[in-house]
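Coordinate inspection notes
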Amino acid sequence: HNESMKRHQMIFVDQVCDLNGMNMRQFSPMFISKVLKPWLKMTQSNYPETAKRIFFLNPPPILSLVWNIVTPMASPSTVAKVQLMSDFNGSGADFLREKTS
């Protein structure tokens, strides 16, 4: 928001979440209620127009199931921005370098 105000134009951001190394046990009901739901709420409340894309890198297979559970709670515009990138081989830093070069 501050950068948009400084430049007098809307600045868009890409959110990148690298899930490399996460396993099935970490996607518990507590993770969904204490991390994923609050993150979705924050993203939809504070960044609905500025979040251009939301990337989940290296998600464990269980994330597809979790995403199917969470999707009905998210706005259609948020759902459209989310990309699960299970075929990405690298870190979040590698991903950002690719996207910005």
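Residues numbered from 1 in each chain as written. Predicted model: local features only at pLDDT ≥ 70, side-chain atom pairs only at ≥ 80, totals over all residues. Heavy atoms only, no water.

**Considering the overall build of the protein chain**
Note the cut-off: Secondary structure elements are taken from DSSP: a helix is a run of H or I of four residues or more, a strand is a run of E of two residues or more, and numbering for both begins at the N terminus. Burial classification: accessible surface area is computed with a 1.4 Å probe over protein chains only, and a residue below 20% of its type maximum counts as buried, one above 50% as exposed, and the rest as partly exposed. We call two residues in contact whenever any of their non-hydrogen atoms come within 4.5 Å of each other. Note that accessible areas follow from Shrake-Rupley with a 1.4 Å probe, and for residues the cover is restricted to the protein chains shown. His is not counted here, nor are the chain ends, while Lys and Arg score as positive and Asp and Glu score as negative. Charged groups are reduced to one reference atom each: NZ for lysine, CZ for arginine, CG for aspartic acid, CD for glutamic acid.
Each helix and strand counted, the protein chain has 5 helices and 3 strands in total. Along the protein chain, helices and strands appear, N-terminal first, in the series α-β-α-β-α-α-β-α. With the C-alpha coordinates of the protein chain rotated into their principal frame, the extents come out at 45 × 30 × 20 Å. For the protein chain, the proportion of its 101 residues judged to be buried stands at 32%. Here the contacts in the protein chain between residues at least 6 apart in sequence split such that 81% fall between residues at least 24 apart. With the model as given, the accessible surface of the protein chain reaches about 6,900 Å², and the carbon-plus-sulfur share is 57%. Counting 11 positive and 7 negative side-chain charges, the protein chain places the centres of these two groups 8 Å from one another.

**Quick notes on the pattern of salt bridges**
Going by this rule: Salt-bridge detection follows one rule: a side-chain nitrogen of Lys or Arg within 4 Å of a carboxyl oxygen of Asp or Glu.
If you walk through the whole model with that rule in mind, you get 1 salt bridge. For the salt bridge of Asp 14 with Arg 53, the shortest nitrogen-to-oxygen distance reads 2.5 Å. Placement of Asp 14 in strand 1 (residues 13-18) and of Arg 53 in strand 2 (residues 51-57) is noted, with a sequence separation of 39 residues between them. The exposure class assigned to Asp 14 is partly exposed, which follows from its relative accessible area of 32%.

**Describing helix 3 (residues 62-70)**
As a reminder of what qualifies: For this quantity, the arc is that covered by the directions from the helix axis to the C-beta atoms.
Among the residues of helix 3, those classed as buried are Ile 62, Leu 63, Val 66, Trp 67 and Val 70. All buried residues of helix 3 fall inside an arc of 135 degrees around its axis, so they share one side.

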